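# Notes for the structure review
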Amino acid sequence: MSDTTAVINLDLTGPTISRHLYGHFAEHLGRCIYGGFWVGEDSPIPNEGGIRLDVVEALRALNIPNLRWPGGCFADEYHWKDGIGPREQRPRMVNTHWGNVEENNHFGTHEFMALCELLGAEPYISGNVGSGTVQEMSEWVEYLTRDGDSPMVRLRKANGREEPWRVKFWGIGNETWGCGGNMRAEYSADLARQYATYCRDHGENKLYRIASGASDADYKWTETLMQQISCFGCEATPKNFFQGLSVHYYTLAGPWEAKGSATDFDTDDYYRTMAAARKIDRILTGHSTVMDVYDPGRTVGLVLDEWGTWWDVEPGTNPGFLFQQNTLRDALVASVHFDIFHKHAARLHMANIAQTVNVLQAMILTDGDSLVLTPTYHVFEMNKGHQDASSLTVHLRGEDAEQEHLSASASVKDGTVLISLSNLDAEEPARVTLDLRGGGLGATTARILTADRLQDHNAPGAPETVAPRAFEDLKTTDRGLELTLPPHSFVTVRAPLA
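Residues numbered from 1 in each chain as written. Predicted model: local features only at pLDDT ≥ 70, side-chain atom pairs only at ≥ 80, totals over all residues. Heavy atoms only, no water.

## Considerations on the overall build of the protein chain
Within the protein chain one finds ten helices and 24 strands. Each of the three principal axes of the protein chain carries a C-alpha extent, and together these read 70 × 60 × 45 Å. The 498 residues of the protein chain split such that 58% are buried. Carbon together with sulfur atoms contributes 47% to the accessible area of the protein chain, which is approximately 19,000 Å² in total. Within the protein chain, one finds 43 positive and 67 negative side-chain charges whose respective centroids are separated by 6 Å. (Helix = DSSP H or I, 4+ residues; strand = E, 2+ residues; numbered from the N terminus. Buried < 20%, exposed > 50% of the residue type's maximum accessible area, 1.4 Å probe, protein only. Areas by Shrake-Rupley, 256 points an atom, 1.4 Å probe, with all protein chains shown as cover. Lys, Arg positive; Asp, Glu negative; His and termini not counted. Charge placed at Lys NZ, Arg CZ, Asp CG, Glu CD.)

And the structure:
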């Protein structure tokens, strides 16, 4: 058993952990939209206006802060005017990126906005830069957010919506280095300035424009974007063309061509996965460092709007639908990511897991009228108290090898402390002493997420194989608390400040 001390100064708070770090992503991909969020008004599955209500209820329990749509790669072949007006009159299209299937456009702008209203989530819309036009995106902003009278306002009202919506977050393209146009960084950066210019603030709706940014550790891409709004070593406020830039990073245990099974893996695969998950710390540090040179005041946000595990699709499913199971291993990838996100809260403004329903590292899996909450869902739920909380630095003391197996973060909000701890050791428990300084804690409650095997997952016949339960293996000490974390486990400790 390893022994580690985690020192937390309860009276020294750091940057606020934006709730938007717990954001989500819903693309027209596989069964994420159709069969996931959308079942249609004639479905026997309980729905409101065609939106599946059991999915809505489950996501509301996470305090879901935002939802990114319609892609992903799909965003740069999506023309929004095809998704408004009477559904039976909407033109069809072929989803050439994902499965080469036909889309009927029954789920469009109004349906997405209705979904966000049901969820209580802010919409994050990705505009079409790859195959669209500046005018098309500008008119979409006008259609959604302008009041009074204008061509797009009249069109919106003709489609049944009198009042404008509030839509703050807008993505200027997606993966323009790849499926969004295979562009050079310089060309993409010029387009980001151009599109951002014509994405107007209408009335009190102030846009947060997010330029399509880098893949993985492509720091040169980030520098090229930052050079569009500032200069090397400048102390002046960057030009206000865009307010954020994105980066994408997926966790894989092997090469892209052989990602491995979501459920059939060994301990070596697990440790390779955890090493890949921890790499996001270095990647965020690299992009943040580049941005600091051009924006030392940190006015421009870094947005990790695609992250998560990516495995080979489940056997017998459409390879273009990216359906994969979700095990305890995936949950621990999520817990590690959140600890790292909290560490980068000063620069990282938003993160969106890929994806919310039935695709990649999903929160929810549906099959007909059944719904299963995944282990990853439970990490989001157990961690939701960190949203908009003040971060607390966790200093780990112990042997280096032991620290590699422990991940932790903490925060305080409204007088309540939340501490998240992950024992990533596949086989051995970890004894952790919480050395709490600058204050004390009142009555403590704790929860644990673990299972007998790393490969364990939830399914319609066994929906709670991996589910949180009360955690009792902790005791009060002179220094704070002592906990013994079982192998491959995630634990949260919650208590009021005393």
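## With respect to the nonpolar core
Ranked by internal contacts, the top residues of the largest apolar core, which has 114 residues, are Phe37, Leu59, Leu144, Trp170, Leu304, Trp307 and Phe341. When residues are assigned to domains, this core turns out to be shared by domain 1 (2-10 + 391-496) and domain 2 (18-388), each giving three or more. When residues no more than four places from it in sequence are discounted, the contact partners of Leu144 are Thr109, Met113, Ile125, Arg156, Pro164, Trp165, Val167 and Trp170. (Core = buried A, V, L, I, M, F, W, Y, C linked by side-chain atoms within 4.5 Å. Domains from an automatic or database assignment. Contact = heavy atoms within 4.5 Å.)

## Here's the deal with the state of the cysteines
Going through the model one piece at a time under the given rule, you end up with one disulfide. Cys73 shares a disulfide with Cys179; S-S distance 2.1 Å. Disulfide Cys73-Cys179: the torsion about the S-S bond is -90°, which places it as left-handed. Pair noted here: Cys73 is in the loop between β5 (66-69) and β6 (93-95) and Cys179 is in the loop between β9 (169-172) and α5 (185-198), with a separation of 106 residues, a long-range link. (Disulfide = S-S within 2.5 Å.)

## Some details on the layout of surface pockets
Considered as a void within the structure, the largest pocket measures approximately 440 Å³ in volume. If you trace the largest pocket, you find 19 residues lining it, with Asp339, Lys343, Val394, Ala408 and Ser409 closest to the centre. Elements represented by at least two residues in the lining of the largest pocket include exactly α7 (267-294), α8 (328-343), β16 (389-397) and β17 (406-413). A class-by-class count of the residues in the lining of the largest pocket yields ten nonpolar, five polar and four charged. No fewer than three residues from each of domain 1 (2-10 + 391-496) and domain 2 (18-388) sit in the lining of the largest pocket. Empty space within the second largest pocket amounts to approximately 230 Å³. (1 Å grid on protein atoms, 1.4 Å probe; cavity = no way out; pocket = protein on both sides within 12 Å on 5 of 7 lines; lining within 4 Å. Points joined across faces, edges and corners; volume = space filled by probe spheres on them. Nonpolar A, V, L, I, M, F, W, Y, C, P; charged D, E, K, R; others polar.)

## Concerning the packing of aromatic side chains
Under the defined criterion, the tally for this structure stands at 23 aromatic pairs. Between Phe169 and Tyr208 the ring centres are 5.6 Å apart and the planes differ by 75°, which places this aromatic pair in the edge-to-face class. A residue pair is termed long-range when its members are at least 10 positions apart, and Phe169 in strand β9 and Tyr208 in strand β10 (residues 208-215) qualify at 39 residues. Accessibility classification places Phe169 together with Tyr208 in one group, the buried group. Ring centres of Phe338 and Phe341 lie 5.8 Å apart, and the angle between their planes is 85°; on these two criteria the pair is classed as edge-to-face. A residue pair is termed a helical-turn pair when its members lie 3 or 4 positions apart in one helix, as Phe338 and Phe341 do in helix α8 at three residues. Taken individually, Phe338 and Phe341 each receive the classification buried, so the pair is uniform in this respect. By the ring-pair criterion, three or more aromatic residues cluster together here, those being Trp38, Trp69, Phe74, Tyr78, Trp80, Phe107, Phe112, Trp140, Tyr143 and Trp170. (Phe/Tyr/Trp six-rings, centres within 6.5 Å; stacked < 30°, edge-to-face > 60°.)

## Structural notes on the domain arrangement of the protein chain
Each assigned domain of the protein chain is listed here: domain 1 (2-10 + 391-496) and domain 2 (18-388). Each of domain 1 and domain 2 has a C-alpha centre, and the two are 30 Å apart. Taking both sides of the interface into account, the surface hidden between domain 1 and domain 2 amounts to around 2,800 Å²; carbon and sulfur atoms contribute 60%. Taken as a group, Leu424, Leu454 and Gln455 account for 21% of the area that domain 1 buries against domain 2, more than any other trio of residues on that side. Run the count over domain 1 and domain 2 and you get one salt bridge. Glu381 is the salt-bridge partner of Arg447, the closest N and O atoms lying 2.9 Å from each other. Remark: the boundary between domain 1 and domain 2 carries 21 residue pairs in polar contact (both at pLDDT 80 or more). The set of elements that each furnish at least two residues to the side of domain 1 that touches domain 2 consists of β17, β18 (416-423), β20 (445-449) and β24 (489-496). If you tally residues by element for the side of domain 1 that touches domain 2, the top one is β17, at seven residues. Looking at side-chain class alone, the side of domain 1 that touches domain 2 contains 17 nonpolar, 15 polar and seven charged residues. (Buried area = accessible area lost by both parts, 1.4 Å probe. Salt bridge = Lys/Arg side-chain N within 4 Å of Asp/Glu carboxyl O. Polar contact = N/O pair within 3.5 Å; in protein donor to acceptor, adjacent residues only side chain to side chain.)

## Things to note about the sheet that holds strand β11 (residues 244-251)
What the eight strands build is a closed barrel, ordered β2-β5-β8-β9-β10-β11-β12-β13; its pairing is parallel. Strand-to-strand twist of the sheet, defined as the mean angle between neighbouring strand axes without regard to direction, takes the value 30°. As paired elements, β11 and strand β12 (residues 301-309) share seven bridges and run parallel to each other. Counted as the bridge partner of Gly244 is Gly301 from β12. Where α8 meets the sheet, it contacts β11, β12 and β13 (348-354), and its direction lies at approximately 165° from that of β12. (Pairing = 2+ DSSP bridges. Axes fitted to C-alpha atoms, helices over the stretch in contact; angles between N-to-C directions.)

## So, the pattern of salt bridges
Applying the stated criterion across every chain yields a total of 27 salt bridges. Among the ionic pairs, Asp54 bridges to Arg52, the shortest N-O distance being 2.8 Å. Residue classification places Arg52 among the buried residues on the basis of a relative accessible area of 1%. The salt bridge partner of Arg453 is Asp456, with a shortest N-O separation of 3.2 Å. Overlapping salt bridges bring together Glu41, Arg87, Arg90 and Glu111 as one network.

## Some words on the packing of helix α2 (residues 109-119) against helix α3 (residues 134-145)
Direction vectors running N to C along α2 and α3 enclose 50°, while the axes themselves pass 12 Å from each other. The pairing of α2 with α3 is recorded here as oblique in orientation. The crossing of α2 and α3 is right-handed. Contacts between α2 and α3 involve Thr109, His110 and Met113 on the former and, on the latter, Trp140, Tyr143 and Leu144. Of the residues assigned to the contact of α2 with α3, the class counts are four nonpolar, two polar and no charged. (Parallel < 35°, antiparallel > 145°, perpendicular 65-115°, else oblique. Left-handed = near helix turned anticlockwise from the far one by under 90°.)

## Describing the sheet that holds strand β23 (residues 480-485)
Strands sit in the order β21-β20-β24-β18-β17-β16-β1-β19-β23-β22 across an open sheet of ten strands; the sheet is mixed. Two strands in the sheet have a free side with no partner beyond their single neighbour: β21 (469-470) and β22 (474-476). Pairing analysis gives five bridges linking β20 to β24, with the strands arranged antiparallel. The residue of β24 that forms the bridge with Leu449 is Phe490.

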